[in-house]
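Structural overview
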Amino acid sequence: MTDTRGTETPMSDDTSRAARLLSEHRASIDRLDAILVYTLGERFKHTQAVGRLKAEHELPPSDPAREAQQIARLEELAKEADLDPDFAKKFLNFIIAEVIQHHRKHQETGS
Ligand SMILES: O=C(O)C(=O)C[C@]1(C(=O)O)C=C[C@@H](O)C=C1
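In the annotation of an unreviewed UniProt entry, the entry for the protein chain reads chorismate mutase, and the organism field reads Sinisalibacter aestuarii.

1. Some points on the overall build of the protein chain
Of regular secondary structure, the protein chain possesses three helices and zero strands. Start at the N end of the protein chain and walk to the C end: the helices and strands fall as α-α-α. The C-alpha atoms of the protein chain give a radius of gyration of 21 Å, which is well past the 13 Å a tight globule of 111 residues would have. Across the 111 residues of the protein chain, 15% fall into the buried class. Looking at the protein chain as shown, the accessible area adds up to about 8800 Å², and 57% of this sits on carbon and sulfur atoms.

2. Details of the packing of helix α2 (residues 64-80) against helix α3 (residues 85-109)
The contact between α2 and α3 brings their axes to 8 Å, and the two run at 145°. Of the two possible hands of crossing, α2 and α3 adopt the one that is right-handed. In this structure, α2 contributes E67, Q70, I71, L74, E75, A78 and K79 to the contact, and α3 contributes P85, A88, K89, L92, N93, I96 and I100. For the contact of α2 with α3, the residue count by class is eight nonpolar, two polar and four charged.

3. Concerning α3
Counted at 1.5 Å a residue, the expected span for α3 with its 25 residues is 36 Å, and the 36 Å between its end C-alpha atoms agrees. When we look at burial in α3, the residues that qualify are A88, L92, I95, I96, V99, I100, H103 and H106. Regarding α3, its N-cap is D84, as a side-chain oxygen of that residue lies 3.0 Å from the backbone nitrogen of D86 further along. Note on α3: the residue one or two positions beyond its end, G110, has a positive phi of about 65°.

How each quantity is defined
Residues numbered from 1 in each chain as written. Predicted model: local features only at pLDDT ≥ 70, side-chain atom pairs only at ≥ 80, totals over all residues. Heavy atoms only, no water. Helix = DSSP H or I, 4+ residues; strand = E, 2+ residues; numbered from the N terminus. Rg over C-alpha atoms; globule rule 2.2 N^0.38 Å. Buried < 20%, exposed > 50% of the residue type's maximum accessible area, 1.4 Å probe, protein only. Areas by Shrake-Rupley, 256 points an atom, 1.4 Å probe, with all protein chains shown as cover. Axes fitted to C-alpha atoms, helices over the stretch in contact; angles between N-to-C directions. Left-handed = near helix turned anticlockwise from the far one by under 90°. Contact = heavy atoms within 4.5 Å. Nonpolar A, V, L, I, M, F, W, Y, C, P; charged D, E, K, R; others polar. Expected span 1.5 Å × (residues − 1). Polar contact = N/O pair within 3.5 Å; in protein donor to acceptor, adjacent residues only side chain to side chain.

Structural data, given as structure tokens:
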């Protein structure tokens with residue numbers, strides 16, 4: 001293992017156990033990050049289709065009533081999943097804001 005100055009130091013059993021645990025957690029984090037990215041990619045495919053539909057039918061880019069339902073549902077899911085509901089709300093709002101920008105572009109370009 002390397003210390004804070006990057007010097008190689010011999011590992012105690014405790015340190016090598018910690019290093020193994022750290023690398024196992026990081027492997028899980030990498031797998032979960034990949035799931036998040038692929039899941040977001042799938043979500044954006046659907047929202048791009050929704051954006052085209054909305055542009056074709058001259059529907060408004062945002063639907064605040066639908067968003068309120070989504071936020072309420074996600075807050076409940078977050079509680080069940082031991083995730084901070086405020087964080088879940090901020091995360092969904094962040095994604096939806098991006099989707100609304102995409103919808104606006106569909107309407108500007110008419111496609
Ligand atoms: O469901 C819609 O109408 C969408 O445009 C999708 C979506 C979303 O990303 O979930 C985005 C904008 C709306 O305000 C509500 C929801």
